[in-house]
Amino acid sequence: MRRYILRRLFETVPTTVGIVMLTFVLFNVVGGGSAAETVMGKSATAEDLANFDAKNGYDKPLLFGRWAEVRQDADKADAKRAKAGKCRPHEFRTEERGGRTVLLQKNDGPFDTQFFNYVSDLAHGRLGWSEEYQQPVARVLAQGAGPSLSLTLPILVCGTLAGLSLAMACAAFRGGRADAAILVASTVLMSVNYVVWVLGGQFFLAFKARLFPVWGYESAFCLVLPVAIGMLSSLGVDIRFFRAAILDEIHRPYVRTAQAKGLGRLRILVRHVLRNALIPVVTYVSLQIPHLFTGSLLLESFFGIPGLGAVSIRAITSGDMAVVRATVIAGALLYQFVNLASDLLYAVLDPRVKLS
Amino acid sequence: MTAEKAEKGKMEEGAASGRGVLRRLWGCMSTRLCLVAVAAYCAVALYGEASYRISRAMDVTPSYNAVDDAHRNVSPVRSWGAAIRRMCGTAGAEDAAMPFRPLGTDNLGRDVAKRCVQGARIAFHVGIMTSLIAIPLGVMLGCAGGYFGGRVDSAVVWLCATVASMPGLLFILAISLVAGKGLMGIYLGIGLTTWVGVCRTIRAETMKHRDRAYVQAARVLGYSHMRIICRHILPNVAHLILIQFSIRFPSAVSTEVFISFIGIGVQDEPSWGNMIKNACGRLWQGVWWELASVTAAIFVLVLAFNRLADALRDCFDPALRTGRGA
């Protein structure tokens, strides 16, 4: 057991490294140059942009080195900041590169680069400052996780139960009319766009029929409609997966044996088939658990639930890169963590796992 | 049991040739309808592309952007009524001036039907372009990983695991945000994240084929790895590419709608997501036709593709049957 845990722990290292590298490439290598424009907007002055770069470390070399290209007005902004006592003045020099003059700035040492700063920030849990919320990003994320969970956890639990029971009904009447009807219905459910689910649900059920509150996060009742919508929108896919998992088991020899013993259909389905079919189902469901924390993007922003989904949407529409980046990384790392936990749990529950 | 086996045999026979598959798809009523629907959407999208190109080449305001102040928020009911009255010759002055708008007009008097056609054009662009990014990437990595095994395979698996652990939609949004608002951002965002599924399927299938006799024979003949992969293995896994395309297409279209709806997708062009975004504000004022027509347009396309994907999977892979009567 200890060896298995160690091996599994060791396996998460390359993926975590990959996540760090991938996010670094996306947000610093590709997006670093334009981040200031995205966040500050078109009306920002060159000095503001230089200030933003300095504040977020985008004016450092990417991987390694002492000199990095910075904006032309960076030395002015730097002189101002140094005069105000906010930092010590940097060294600057100019260079001809491909027919144009660029301004280079010297950093504090060969390891004072974007990559190493990024890794060390991550290791220390420093996620940056959110321009949109005027708060540390870590606090924004911590505040959002609870409301997100209160929305997504009921969706997962109710959705899985509903999907499983409908899939069982399909399997019980396989080949019959009920089976065909549920299948057609699930394909239709799958094909309705997610945006339309949210819009239509809010408009017809909350606004027109006045069955539910349109907006808010005051009581549990406010969550009923978003949970129902979230459940319905994923029900189609769920039913089809669960049905396939159950039908995979239903042609096995042990089912024939149970039938030959004269057991009832319901008993075979629940006691024998379902138990074995639960293995892929549990894997499928556990893969969704990490996404519970990051919440549901549209549902939250439409129903005014202050979760991480609403936070991400607001950050994306206002171009708050620090929050977007932090949610992506937090989501990916959580995915790693939950996967590890569920694998270890599997090993405890099912001793065969350790051998393979 | 025997009937099932016979059916299975028939299906495997069908899987052997592309024409057999087409005949099977055409033979079933519902898939025939889906094929017709997809073909119709293709034609509509091509028409949209032509009108877009022509209006751009001639440097005029395209007809789907033509603003008509006199006829704002005209519902399809009113438009059809005026058209019928004109045909019967009982049209009043107002009816006579009313242009025929089969799906009504929006708040600027623009034709909703024509904008839906442009939406179909953009949806096809997204579906095809993202597939052109994701499928070659997935197939190349999957083939390499499955065929060579060892370190190459570990690298492929590592890459898949890394990308797969990113929070899906959020990662797509982040990529399109970084790549810049617009169609290119959407192509890159969806294309660079959804190749993982393609890669995993192709890799698993290639691994099955790697040790088969025909591959060993090809190796004994001294063929290069490149030739074995391209000429021998790839044709045998090609059906998976078709299935993956039919699965990916509708999901790419839906994702585009989502991204454009949030406002970081297509800019200044009538994509379905933008139309929903515009329409959802006016839904509260009773303008239902805009949202309804876009919803219906998306729904039919996605439904047709979903059903086709199921049918294709049933044809090629009897073991994975998800359709009726399994």
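Bear in mind that the values here come from a model prediction, so they are computed numbers and not experimental data.

If you tally the helices and strands in chain B, you get 14 helices and zero strands. Listed by position from the N terminus, the elements making up chain B come as α-α-α-α-α-α-α-α-α-α-α-α-α-α. Here the C-alpha coordinates of chain B stretch approximately 85 × 50 × 40 Å along the principal axes. Across the 326 residues in chain B, those meeting the buried criterion constitute 49%.

Bringing the environment of L291 of chain B into the picture now. Residue and element names in this part refer to chain B. With respect to the element layout, L291 can be found in helix α14 (residues 289–316). For L291, a relative accessible area of 10% corresponds to the buried category. Taking C-alpha positions, L291 is 34 Å from V163, a pair spaced 128 residues apart along the chain.

Another aspect to go through is the confidence of the model for chain A. On average, chain A scores 85 in pLDDT, and the residues at 70 or more come to 99%. When pLDDT is averaged over each element of chain A, helix α10 (residues 253–261) of chain A comes out on top at 92 and helix α16 (residues 352–355) of chain A at the bottom at 64.

On to the interface of chain B and chain A, then. Across the boundary between the two partners, chain B contributes 42 residues, which contact 51 residues of chain A. Around 3900 Å² of area is buried between chain B and chain A when both sides are counted, 79% of it from carbon and sulfur atoms. At the surface where chain B touches chain A, the tally comes to one salt bridge. Two residues, D310 of chain B and R240 of chain A, come together in a salt bridge whose shortest N-O distance is 2.7 Å. Inspection of the region where chain B meets chain A yields three residue pairs in polar contact (both at pLDDT 80 or more). Listing elements by their share of the side of chain B that touches chain A, those giving two or more residues are α7 (150–164), α8 (168–179), α12 (225–262), α13 (272–283) and α14 of chain B. Residue composition of the side of chain B that touches chain A, by class: 29 nonpolar, nine polar and four charged.

Moving on to the packing of aromatic side chains. Residue and element names in this part refer to chain A. Within this structure, the stated rule accounts for 19 aromatic pairs over all chains. Taken together, a centroid distance of 5.7 Å and an interplanar angle of 80° make the contact between F242 and Y284 edge-to-face. Taken together, the positions of F242 in helix α9 (residues 224–250) and Y284 in helix α11 (residues 265–286) put the pair 42 residues apart, joining distant regions of the chain. Residue classification places F242 among the buried positions, given a relative accessible area of 0%.

Pairing between the strands of a sheet comes from backbone hydrogen bonds, and it takes one of two forms, parallel or antiparallel. Residue and element names in this part refer to chain A. Spatial ordering of the open sheet is given by β1-β3-β2, a layout of three strands whose pairing is antiparallel. If you trace the sheet from one side to the other, it starts and ends with β1 (67–70) and β2 (92–97), each paired once. Sheet twist, expressed as the average angle between the axes of neighbouring strands with direction ignored, equals 45°. Bridge count for β2 against strand β3 (residues 100–106) is six bridges, and the pairing is antiparallel.

Residue and element names in this part refer to chain A. Side chains of K261, R267, R271 and R275 sit close together on the surface and give a patch of like positive charge. In terms of residue count, α11 provides more of the positive patch than any other element does, three residues in total. For K261, the position within the fold is in helix α10. On the basis of relative accessible area, K261 is assigned to the exposed category, the value being 60%.

With respect to the secondary-structure elements, S293 of chain B resides in helix α14. Not counting residues within four places of it along the chain, the set of residues in contact with S293 of chain B comprises L103, V112 and C116 of chain B.

On to the pairing of β3 of chain A. Residues and elements named next belong to chain A. Strand direction decides the pairing type here: β1 and β3, joined by four bridges, are antiparallel. Each bridged residue has a counterpart across the sheet, and for V70 the counterpart in β3 is L103. Counted between consecutive antiparallel strands, the loop separating β2 from β3 contains two residues, among which G98 sits at a positive phi close to 55°.

A few words now on α12 of chain B. All names here are of chain B. The terminal C-alpha atoms of α12, which comprises 38 residues, lie only 46 Å apart, well short of the 56 Å expected from a rise of 1.5 Å per residue. Its axis deflected by about 60° at L234, α12 carries its strongest bend there, up to four residues before the proline P235. Following α12 by one or two positions, G263 has its phi on the positive side, about 110°.

All names here are of chain B. Between α8 and α12, the shortest axis-to-axis distance is 11 Å and the interhelical angle comes to 60°. Looking at the two axes, α8 sits oblique to α12. Here the hand of the crossing between α8 and α12 comes out right-handed. Between α8 and α12, the contacting residues are L169, I172, L173 and S176 on the first element and T255, F258, I259 and I262 on the second. Looking at the contact of α8 with α12 residue by residue, the class counts come to six nonpolar, two polar and no charged.

What follows covers the nonpolar core. Membership of the largest hydrophobic core comes to 98 residues, with the highest contact counts inside it found for F27 and V195 of chain A together with L173, W272, I276 and L301 of chain B. Not counting residues up to four positions away in its chain, the partners in contact with W272 of chain B are Y41, C116, G119, A120, A123, V253, V257, V294, A297, I298 and L301 of chain B. The next biggest cluster of nonpolar side chains, apart from the first, holds 21 residues, and it includes L156, I250, V285 and L292 of chain A.

Quick look at a nonpolar patch on the surface now. Residues and elements named next belong to chain A. Together, V25, V29, V30, L62, L63, F64, F111 and F116 make up a nonpolar patch on the protein surface, roughly 730 Å² of accessible area in all. For the nonpolar patch, the element with the most residues is helix α1 (residues 2–30), which contributes three residues. Within the element layout of this structure, V25 appears in helix α1.

Conventions we followed
- Residues numbered from 1 in each chain as written.
- Chains lettered and ligands numbered in written order.
- Predicted model: local features only at pLDDT ≥ 70, side-chain atom pairs only at ≥ 80, totals over all residues.
- Heavy atoms only, no water.
- Helix = DSSP H or I, 4+ residues; strand = E, 2+ residues; numbered from the N terminus.
- Buried < 20%, exposed > 50% of the residue type's maximum accessible area, 1.4 Å probe, protein only.
- pLDDT = per-residue confidence, 0-100.
- Contact = heavy atoms within 4.5 Å.
- Buried area = accessible area lost by both parts, 1.4 Å probe.
- Salt bridge = Lys/Arg side-chain N within 4 Å of Asp/Glu carboxyl O.
- Polar contact = N/O pair within 3.5 Å; in protein donor to acceptor, adjacent residues only side chain to side chain.
- Nonpolar A, V, L, I, M, F, W, Y, C, P; charged D, E, K, R; others polar.
- Phe/Tyr/Trp six-rings, centres within 6.5 Å; stacked < 30°, edge-to-face > 60°.
- Pairing = 2+ DSSP bridges.
- Axes fitted to C-alpha atoms, helices over the stretch in contact; angles between N-to-C directions.
- Patch = residues over 30% accessible without salt bridge, like charges linked within 9 Å, V, L, I, M, F, W, Y side chains within 5 Å.
- Areas by Shrake-Rupley, 256 points an atom, 1.4 Å probe, with all protein chains shown as cover.
- Lys, Arg positive; Asp, Glu negative; His and termini not counted.
- Charge placed at Lys NZ, Arg CZ, Asp CG, Glu CD.
- Expected span 1.5 Å × (residues − 1).
- Bend = angle between axes of the 7 residues up to and from the residue.
- Parallel < 35°, antiparallel > 145°, perpendicular 65-115°, else oblique.
- Left-handed = near helix turned anticlockwise from the far one by under 90°.
- Core = buried A, V, L, I, M, F, W, Y, C linked by side-chain atoms within 4.5 Å.

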